[in-house]
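Coordinate inspection notes
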Amino acid sequence: MNQKGFANIILVLVIVVLIGTIGYFTFVKNSEPIAQQPTPNQTQKPVSPTPTPNLTKTIRVAVILFGPANTSEKLYTKQQIKEEMFTNRDSVKNFYEEGSFHQWSLTGDVFGEYLVPDSGNGACQTDHWSDEALVLAKNAGVNLDSYTNFVFVFPMKESGCTLGGWHVFGDNKSWVINPRTNIFIHELGHAFNIAHANALECGPKAIDQYSNCQNLEYGDPGDIMGGDGGPVNSAATEFNGPHKVALGWIPDSSILTIPKSGTYTIQSLETSSQGIQIIKIKKPDTNEYYYLEYRQPIGVFDSKLAPGLTRGVSIRVWNDDPRTSPKLIDTTPGGCTPSPITECTTNDFVDAALFDGSLFNDPVNNITIEQLSHTSNSVTVKITVTPIPTF
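Given the structure is predicted, the values throughout are model-derived calculations rather than measurements.

Below, the discussion takes up the overall build of the chain. If you tally the helices and strands in the chain, you get seven helices and 16 strands. Considering the chain as a whole, with its 391 residues, one finds that 47% of them fall into the buried category.

For the rest of this paragraph, the subject is the pairing of strand S14 (residues 359–362). Two faces, one strand: in a regular strand the side chains alternate between the faces of the sheet. Going residue by residue along S14, you find Phe360 and Asp362 tucked away on one face and Leu359 and Asn361 left uncovered on the opposite face. Summarising the sheet, S14 and strand S15 (residues 367–374) pair through four bridges and their orientation is antiparallel. Its bridge partner being in S15, Asp362 is matched across the sheet by Ile367.

Moving on, we come to the sheet that holds strand S12 (residues 313–318). Ordered in space as S7-S6-S13-S12-S11-S10-S8, the seven strands form an open sheet in which the pairing is mixed. Among the strands making up the open sheet, the edge pair consists of strand S7 (214–216) and strand S8 (255–257). On average, adjacent strands in this sheet sit at an angle of 30° to one another, irrespective of strand direction.

Attention shifts here to the pattern of salt bridges. On inspection of all chains with the given rule, the structure shows 13 salt bridges. Across the pair Lys244 and Glu238 runs a salt bridge whose closest N-O atoms are separated by 2.6 Å. On the basis of relative accessibility, which here comes to 1%, the residue Lys244 falls in the buried class. You can call Glu238 buried: its relative accessible area is 1%. In this structure, Glu293 engages Arg316 in a salt bridge whose closest nitrogen and oxygen atoms are separated by 3.1 Å.

Working definition: the covalent bond between the sulfur atoms of two cysteines is a disulfide. If you walk through the whole model with that rule in mind, you get two disulfides. Covalent S-S linkage joins Cys124 and Cys161, the inter-sulfur distance amounting to 2.1 Å. A torsion of 115° about the S-S bond marks the disulfide between Cys124 and Cys161 as right-handed. With a gap of 37 residues between them, Cys124 in the loop between strand S2 (104–115) and helix H4 (126–139) and Cys161 in the loop between strand S3 (149–153) and strand S4 (165–167) connect regions that are remote in the sequence. Look at Cys124 and you get partly exposed, because its relative accessible area is 30%. Residue Cys161 is classed as buried on the basis of its relative accessible area of 3%. Bridging Cys202 to Cys213, the disulfide has an S-S length of 2.1 Å. Every disulfide takes its handedness from the sign of the S-S torsion; for Cys202 and Cys213 that torsion is 105°, giving right-handed.

We now examine the environment of Gln209. Structurally, Gln209 can be placed in the loop between strand S6 (198–201) and S7. Put simply, Gln209 and Asp362 are 153 residues apart on the chain and 10.0 Å apart in space, counted from C-alpha to C-alpha. If we ignore the near neighbours within four places in the chain, the residues touching Gln209 are Asp285 and Val364.

The contact between helix H3 (residues 92–99) and helix H5 (residues 181–191) brings their axes to 9 Å, and the two run at 50°. Of the possible angle classes, the one that applies to H3 and H5 is oblique. Handedness of the crossing formed by H3 with H5: right-handed. Side by side, H3 and H5 meet where Val92, Phe95 and Tyr96 of the first sit next to Thr181, Phe184, Ile185, Leu188 and Gly189 of the second. Across the contact of H3 with H5, the residue classes tally to six nonpolar, two polar and no charged.

Across the sheet, four strands lie side by side as S9-S16-S15-S14; this open sheet has antiparallel pairing. Sheet topology places strand S9 (262–267) and S14 at the edges, where each strand pairs with a single neighbour. If you compare each strand with its neighbour and ignore which way they point, the axes differ by 20° on average. With seven bridges connecting them, S15 and strand S16 (residues 378–385) associate as antiparallel partners. Bridge pairing links Ile367 to Val385 in S16.

Attention now moves to the side chain of Asn365. Note on placement: Asn365 falls in the loop between S14 and S15. Here the side chain of Asn365 touches Asp362 through a polar contact of 2.7 Å, side chain to side chain.

Moving on to the nonpolar core. Counting residues in hydrophobic clusters, the biggest one holds 33 residues, and the most contacted among them are Val63, Met85, Tyr96, Leu188 and Phe239. If sequence neighbours within four positions are ignored, Met85 has contacts with Val61, Val63, Ser91, Val92, Lys93, Phe184 and Leu188. Residues Tyr264, Ile281, Phe360 and Ile367 belong to the second largest nonpolar core, which totals 24 residues.

So, on to the confidence of the model for the chain. Scored by pLDDT, the chain comes out at a mean of 83, with 78% of its residues at no less than 70. Across residues 9–53, where pLDDT falls below 50, the model places four contacts with residues more than four positions away in sequence or in other chains. Note that residues 228–233 has pLDDT below 50 and, in this model, 21 contacts with residues that lie over four places away or in other chains.

Attention now moves to H5. Burial of H5 is extensive: eleven of the eleven residues sit out of reach of the surface. Among all positions in H5, only Thr181, Asn182, Ile183, Phe184, Ile185, His186, Glu187, Leu188, Gly189, His190 and Ala191 are buried. In the core, the buried residues of H5 are packed alongside helix H2 (78–87), H3, S2, S3, S4 and strand S5 (173–176). Where H5 ends, the next residue or the one after it, Asn193, has phi of about 70°, a positive value.

Analysis parameters
- Residues numbered from 1 in each chain as written.
- Predicted model: local features only at pLDDT ≥ 70, side-chain atom pairs only at ≥ 80, totals over all residues.
- Heavy atoms only, no water.
- Helix = DSSP H or I, 4+ residues; strand = E, 2+ residues; numbered from the N terminus.
- Buried < 20%, exposed > 50% of the residue type's maximum accessible area, 1.4 Å probe, protein only.
- Pairing = 2+ DSSP bridges.
- Axes fitted to C-alpha atoms, helices over the stretch in contact; angles between N-to-C directions.
- Salt bridge = Lys/Arg side-chain N within 4 Å of Asp/Glu carboxyl O.
- Disulfide = S-S within 2.5 Å.
- Contact = heavy atoms within 4.5 Å.
- Parallel < 35°, antiparallel > 145°, perpendicular 65-115°, else oblique.
- Left-handed = near helix turned anticlockwise from the far one by under 90°.
- Nonpolar A, V, L, I, M, F, W, Y, C, P; charged D, E, K, R; others polar.
- Polar contact = N/O pair within 3.5 Å; in protein donor to acceptor, adjacent residues only side chain to side chain.
- Core = buried A, V, L, I, M, F, W, Y, C linked by side-chain atoms within 4.5 Å.
- pLDDT = per-residue confidence, 0-100.

In structure tokens form, the structure reads like this:
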């Protein structure tokens, strides 16, 4: 065999080997299972996200003390304000942390006493004076950018200001001339965009057409944004249900807007719960909601609630706007006559809650709420919602 013939044989063998190798790997690849891809009409089952803990909001408050050089009142000491704001058992700090189920933390510092000469001119120029106090604090080395909120405390006599404290919505500055814990809590509540806690007085009826009722500002004794702790005591009570909802302290999973009549159980508002803590019922005639909550004498602040507010479900009317005041309904109008020897030293709303066997009726909207029973943890109510007939 010549060399050319031998070379041709070798070439043929190489080609055969290559074809065999390619065929083998093609067969193996085609034999492997193919991952199924969803067709355009298929829906993939979503993967549940890993639960995350409640986010914590940190509030840092700078309390700035100032006054005129010629004040006849002693400026409040840093220690006094520090105790009321941050260290006392019933401090502002503990109020917001306990009430938020520790979803919020509140810290801060007290600065001053700074002398603002013209703050004694009797003109009540709070914006101007607080701006001067901020300049003095900054010149003294205070890092103002590290604080989320500012509270200015100054004497009353020379200032010409008469209110105990005030705040303008949308601002992070509050002014206090009567430095009590309750006032600090109240004004910071406005700083966090919640309004006053009112009451709805409808004479002998629990509810009526609003033209027959009176909206009582500050009338709710079960909320520091209202009755300043209630007529029975001078201690701050926690925010009511609508205000806790507005602040984001009650999760959506604990708020139930009822779709129909039924029997429902509400957990107490003072402790964090995975159960229902707020029930909402549509009030069609005023485009609002009835808010149902259950309060108990639990914790530093609500332990001093009036017994007539802890015996059962409380009912308030609210339109879900944080800057609109919720209105407490007295489910037993006239049931508590103001008297020095009763709890009702100022109004009839300290016994506003239902009690076992009692009911609230709204004849305009065909809504009835009956309290069946209660324990130290929850209250059970029967709610009847009858559609209003149309003609």
